[in-house]
Amino acid sequence: MTLLLTLACSRPAPQPNLLMVTLDTTRADHVLNGRTPVMAALGARGAVFERALTPVPITLPAHTTLMTGLDPQQHGVRNNGYTAPASLQTLAETLAAEGYATAAVVAAAPLRASRGLDQGFAHYDEGDLKAVGADIHAPERGAEEVTAAALRVLDGLPEPWFVWVHYFDPHAPWTAPVEGDETPYQAEIRLLDSALKPLLDRVDGDDLVVLTADHGEALGQHGEPTHGYFLHDATLAVPLVLAGPGVPVKRVGGTARLRDVHDTALYLLGLGTEPALASWEAVDRPAYAETLMPMEALGLDPVFAWSSGDLRLVESPTKRLFVLPEETVDVVAQRMDDAEQLSKALWAERGPLPLPAGRAMDPELVALGYLDASELGAGEVYDNTELIRVSMALYSGTDLETDELMEVLRAWPTAPELHHRGLPLLAGTPHYEEALRHAAMTFTDDPTIQAQAAYRWFRTDPAVATVALDHLLATERTVPVAALVLGSKAAMGLGRAGDGEALAGRAMERELTNVDVRYDRARLIHGMGWLEPAVAEYRIVVQARPEDAEAWRNLGYALAGMGRTTEAVEALDRSLALEDDLVTRQRRDQLGPD
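Note that the structure is a prediction, hence the values are computed from the model and not measured.

Asker: Please explain unusual backbone geometry as it appears in this structure.
Answerer: Glycine aside, negative phi is the norm for most residues, and most peptide bonds take the trans geometry. A cis geometry characterises the amide bond from Ala-172 onward to Pro-173, with omega recorded as 5 degrees. Position of Pro-173 relative to the elements: it lies in the loop between strand E8 (161-167) and helix H7 (184-202). Note the cis peptide between Ser-316 and Pro-317, where omega equals 0 degrees. On the secondary structure map, Pro-317 appears in the loop between strand E17 (311-315) and strand E18 (319-323). The phi angle at His-222 is positive, at roughly 60 degrees, despite the residue not being glycine. Positionally, His-222 belongs in the loop between strand E9 (208-213) and helix H8 (233-236).

Put into structure tokens, the structure is as follows:
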């Protein structure tokens with residue numbers, strides 16, 4: 001009997017499961033209160049960190065920090081659209097090697113598996129992401145759908161497991177119905193909180209739960225509408241709750257960092273030696289922060305920050321010093337010694353950052369009103385809040401007069417995001433060719449702009465189109481399917497069949513949810529004689545758009561080209577029923593009777 005008791009006591013305790021919940025765009029001061037009872041209940045049975053900071057107010061790099069324990073300048077993912085290097089060791093990879101079943105459920109396009117954070121996850125569920133409102137650049141799915149997917153995943157996982165669940169709802173656009181005195185942003189968080197309940201009810205006290213956010217939302221503070229451009233508590237301060245085995249029930253002061261969550265989780269799971277936040281003491285940890293979005297989206301200088309104690313230094317590159325948490329007055333002139341000390345710490349952490357060289361501009365474009373980029377400094381985002389406003393208006397689909405938009409593009413010739421988003425709004429106007437010519441010469445690594453230029457001028461100015469096509473082929477950036485399609489058409493028009501077929505082949509390798517782009521891709525490969533894949537594409541299009549006479553007609557033509565007469569007749573009859581067309585009827589009659 002004694003031997004049996006000894007053996008039972010010596011068996012290792014089962015390793016806890018880990019549920020990590022990340023909330024996109026969620027301010028620390030908008031949760032864990034009466035408006036979010038589900039999150040508050042989680043906090044009531046665990047440790048709530050009163051001050052936790054993200055190193056970057058952008059989805060993908062912040063999540064990369066969470067999964068690696070590294071800040072952006074260390075892991076190399078500096079903005080959305082980057083790809084996490086395969087050389088990174090993620091939390092999922094570490095836990096998988098220790099026998100954990102791993103799965104992730106994500107809610108928005110910035111975290112697609114193609115961005116590299118699927119490393120170590122045996123199951124990575126990104127679902128069917130759809131555009132919400134006018135924001136076509138961040139397809140997402142709602143909280144209830146995410147929770148349902150997470151519960152399905154959990155039902156099939158053996159223990160121990162690590163499951164990461166990501167929610168995107170608090171990110172603009174805000175479409176949730178408003179109740180009482182709440183704002184649209186608060187309404188999204190309220191519904192998200194409610195959707196969390198079935199997921200949090202699924203775990204018990206033996207499971208380790210981490211709940212946090214990637215970044216906050218400015219909501220107009222400091223002149224910033226949303227996030228990504230400035231570095232203040234509105235976008236850097238995030239909620240952080242841990243609950244489960246080894247976690248005390250308490251509020252923890254001091255400063256926690258998102259990077260500390262990785263080591264803390266491993267320690268609490270018995271797989272790490274660095275307790276990090278698990279001292280549960282109020283420690284003021286100095287915190288690094290950066291955003292390259294002003295540089296990469298608007299052509300301005302990047303912004304860096306160093307927070308220590310009750311001070312935050314912001315360099316953009318002008319030094320600004322703020323007292324936390326208010327951050328209302330720049331006190332750098334009164335506390336220059338403190339500013340210099342924090343600046344040294346910041347530079348020791350961030351290291352050198354290569355900045356893009358200024359681009360010289362065609363004299364004709366300068367004459368049209370563009371500023372000469374070779375004579376401009378990059379510019380400070382803090383001095384250009386109007387530029388952010390226009391950029392966000394374009395992002396959200398707000399209408400701008402074409403003349404106003406053209407003046408903005410001329411005034412800001414090196415703002416990539418403005419030109420990338422503004423060009424489609426100028427299509428069909430007298431300004432389009434001027435704006436496209438400038439953009440093609442300036443943003444040579446933007447595949448969408450280069451594809452548009454190649455397609456626009458392959459007939460009328462083949463020399464310009466050839467240069468644009470070469471830029472498109474040379475880019476190392478991810479090329480959208482729509483750009484691959486346009487580039488392929490331009491290449492065929494320029495007589496570069498090999499390049500055209502290569503671009504079309506790349507387009508066919510990609511998954512698509514946008515029906516319009518799928519239809520363009522189908523017509524491209526149909527024209528190249530790739531009939532079987534074209535038929536497959538057309539069938540998906542007509543299923544989504546059964547009233548589209550043209551799509552049915554093209555499906556019929558493709559089927560006829562393959563000798564599948566019966567199916568071709570059926571498709572052409574559907575087209576004629578929707579829109580009687582003489583050419584289509586003649587082609588239908590050539591195929592014979594039903």
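Asker: Would you mind showing me how to read the side chain of Thr-36 here?
Answerer: By the secondary structure assignment, Thr-36 is in the loop between strand E1 (18-23) and helix H2 (37-44). Since its relative accessible area comes to 0%, Thr-36 is described here as buried. Excluding anything up to four places from it in sequence, Thr-36 contacts His-30, Val-31, Ile-189 and Asp-193.

Asker: Could you clarify how one ought to interpret the pattern of salt bridges in this entry?
Answerer: Any two side chains of opposite charge can pair if their charged atoms end up close together. In this structure the tally under the stated criterion is 38 salt bridges. As a salt-bridge pair, Glu-349 and Arg-259 come within 3.9 Å of each other at their nearest N and O atoms. Of this pair, Glu-349 sits in helix H11 (residues 336-350) while Arg-259 sits in the loop between strand E13 (254-257) and helix H9 (260-268), and the two are 90 residues apart along the sequence. Residue Arg-410 pairs with Glu-407 through a salt bridge whose shortest N-O separation is 3.0 Å. Taken together, the positions of Arg-410 and Glu-407, both in helix H14 (residues 402-411) and 3 residues apart, correspond to about one turn of that helix. Here Arg-410 falls in the buried class, since its relative accessible area comes to 13%. Each of the salt bridges in this network shares a partner with another, and the network as a whole consists of Arg-51, Asp-233, Arg-312 and Glu-327.

Asker: I tried to follow the packing of aromatic side chains on my own but got confused; where do I start?
Answerer: How two aromatic rings sit relative to each other is set out by the distance from centre to centre and by the angle between their planes. For the coordinates displayed, the defined rule picks out 9 aromatic pairs. Between Phe-230 and Tyr-382, the ring centres sit 4.3 Å apart and the planes meet at 10 degrees, which makes this aromatic pair stacked. Here Phe-230 is found in the loop between E9 and H8, whereas its partner Tyr-382 is found in the loop between helix H12 (363-367) and helix H13 (385-396), with 152 residues between them in sequence. With respect to burial, Phe-230 and Tyr-382 carry one shared label: buried. A cation sits over an aromatic face here: Arg-350 above Phe-304, 3.8 Å from the ring centre. Between Arg-350 and the ring centre of Trp-347, over which it is positioned, the NZ or CZ distance is 3.9 Å.

Asker: Please explain the pairing of E18 as it appears in this structure.
Answerer: For a regular strand, side-chain orientation follows a simple rule: the groups alternate between the two sheet faces. Bridge analysis of E17 against E18 gives 5 bridges, and the strand direction is antiparallel. The residue bridging Arg-312 from the neighbouring strand is Phe-322, located in E18. Following E17, the chain reverses through 3 residues before pairing antiparallel with E18.

Asker: Quick question: what am I supposed to make of helix H25 (residues 582-590) here?
Answerer: At the N-terminal end of H25, a side-chain oxygen is found 3.2 Å from the backbone nitrogen of Val-583, two or three residues along, and the residue is Asp-581. Count one or two residues on from H25 and you reach Gly-592, which has phi positive near 95 degrees.

Asker: I would appreciate a short explanation of H7 in the present structure.
Answerer: For H7, spanning 19 residues, the distance from its first C-alpha to its last is 29 Å, which sits close to the expected 27 Å at 1.5 Å a residue. At Leu-196, H7 shows its maximal bend, which comes to roughly 30 degrees, and the proline Pro-198 appears one to four places after that position. Looking at the packing, one finds that the buried side of H7 touches E1, H2, helix H6 (143-155), E8 and E9.

Asker: Would you explain the packing of helix H22 (residues 531-544) against helix H23 (residues 549-561) in this entry?
Answerer: Think of two packed helices as two axes; the pair is described by the angle between the axes and how far apart they sit. For the pair H22 and H23, the least separation of the axes is 9 Å and the interaxial angle reads 155 degrees. The orientation of H22 relative to H23 falls into the category roughly antiparallel. The hand of the H22/H23 crossing is left-handed. Between H22 and H23, the contacting residues are Leu-531, Val-535, Tyr-538, Arg-539, Val-541 and Val-542 on the first element and Ala-551, Trp-552, Asn-554, Leu-555, Ala-558, Leu-559 and Gly-561 on the second. When grouped by side-chain class, the residues that make up the contact of H22 with H23 number 10 nonpolar, 2 polar and 1 charged.

Asker: Would you explain the sheet that holds strand E15 (residues 287-291) in this entry?
Answerer: Sheet strands line up and pair through hydrogen bonds in the backbone, either parallel or antiparallel. Across the sheet, 4 strands lie side by side as E15-E16-E17-E18; this open sheet has antiparallel pairing. Looking at the sheet topology across the chains shown, the edges are occupied by E15 and E18. The sheet shows a mean angle of 15 degrees between the axes of neighbouring strands, taken without regard to direction.

Asker: Can you walk me through the environment of Thr-83 in this structure?
Answerer: For Thr-83, the location among the structural elements is in the loop between helix H4 (72-75) and helix H5 (91-97). Owing to a relative accessible area of 43%, Thr-83 belongs among the partly exposed residues under this scheme. Taking the C-alpha atoms as reference points, Thr-83 and Pro-61, separated by 22 residues in sequence, lie 9.4 Å from one another. Other than its neighbours up to four places away in sequence, Thr-83 contacts Val-77, Ser-114, Arg-115 and Gly-116. Separated by 3.4 Å, the side chains of Thr-83 and Arg-115 make a polar contact.

Asker: Even after reading the chapter, I still don't get the nonpolar core, so can you show me in this structure?
Answerer: Note that soluble globular proteins tend to have their nonpolar side chains buried in a common cluster. Counting residues in each nonpolar core, the largest one holds 143 residues, and the members touching the most others are Leu-19, Phe-162, Trp-164, Tyr-167 and Leu-196. The greatest single-element share of this core, amounting to 7 residues, is contributed by H7. Apart from residues no more than four positions distant in its own chain, Phe-162 is found in contact with Leu-18, Met-20, Met-67, Leu-91, Ala-92, Leu-95, Tyr-100, Ala-101, Thr-102, Ala-103 and Phe-121.

Asker: Which parts of the structure should I look at to understand the sheet that holds strand E2 (residues 47-49)?
Answerer: Read across the sheet, 8 strands follow the order E5-E4-E8-E1-E9-E11-E2-E12 without closing on themselves; strand pairing throughout is mixed. The two strands at the open ends of the sheet, each matched to only one other strand, are strand E5 (123-125) and strand E12 (250-252). The sheet shows a mean angle of 10 degrees between the axes of neighbouring strands, direction not considered. H7 rests against E1, E8 and E9 of the sheet, and its axis sits at about 170 degrees to E1.

Rules behind the numbers
- Residues numbered from 1 in each chain as written.
- Predicted model: local features only at pLDDT ≥ 70, side-chain atom pairs only at ≥ 80, totals over all residues.
- Heavy atoms only, no water.
- Helix = DSSP H or I, 4+ residues; strand = E, 2+ residues; numbered from the N terminus.
- Buried < 20%, exposed > 50% of the residue type's maximum accessible area, 1.4 Å probe, protein only.
- Contact = heavy atoms within 4.5 Å.
- Salt bridge = Lys/Arg side-chain N within 4 Å of Asp/Glu carboxyl O.
- Phe/Tyr/Trp six-rings, centres within 6.5 Å; stacked < 30°, edge-to-face > 60°.
- Lys NZ or Arg CZ within 6 Å of the ring centre and 35° of its normal.
- Pairing = 2+ DSSP bridges.
- Polar contact = N/O pair within 3.5 Å; in protein donor to acceptor, adjacent residues only side chain to side chain.
- Expected span 1.5 Å × (residues − 1).
- Bend = angle between axes of the 7 residues up to and from the residue.
- Axes fitted to C-alpha atoms, helices over the stretch in contact; angles between N-to-C directions.
- Parallel < 35°, antiparallel > 145°, perpendicular 65-115°, else oblique.
- Left-handed = near helix turned anticlockwise from the far one by under 90°.
- Nonpolar A, V, L, I, M, F, W, Y, C, P; charged D, E, K, R; others polar.
- Core = buried A, V, L, I, M, F, W, Y, C linked by side-chain atoms within 4.5 Å.

Just distances and angles here, no functional claims.
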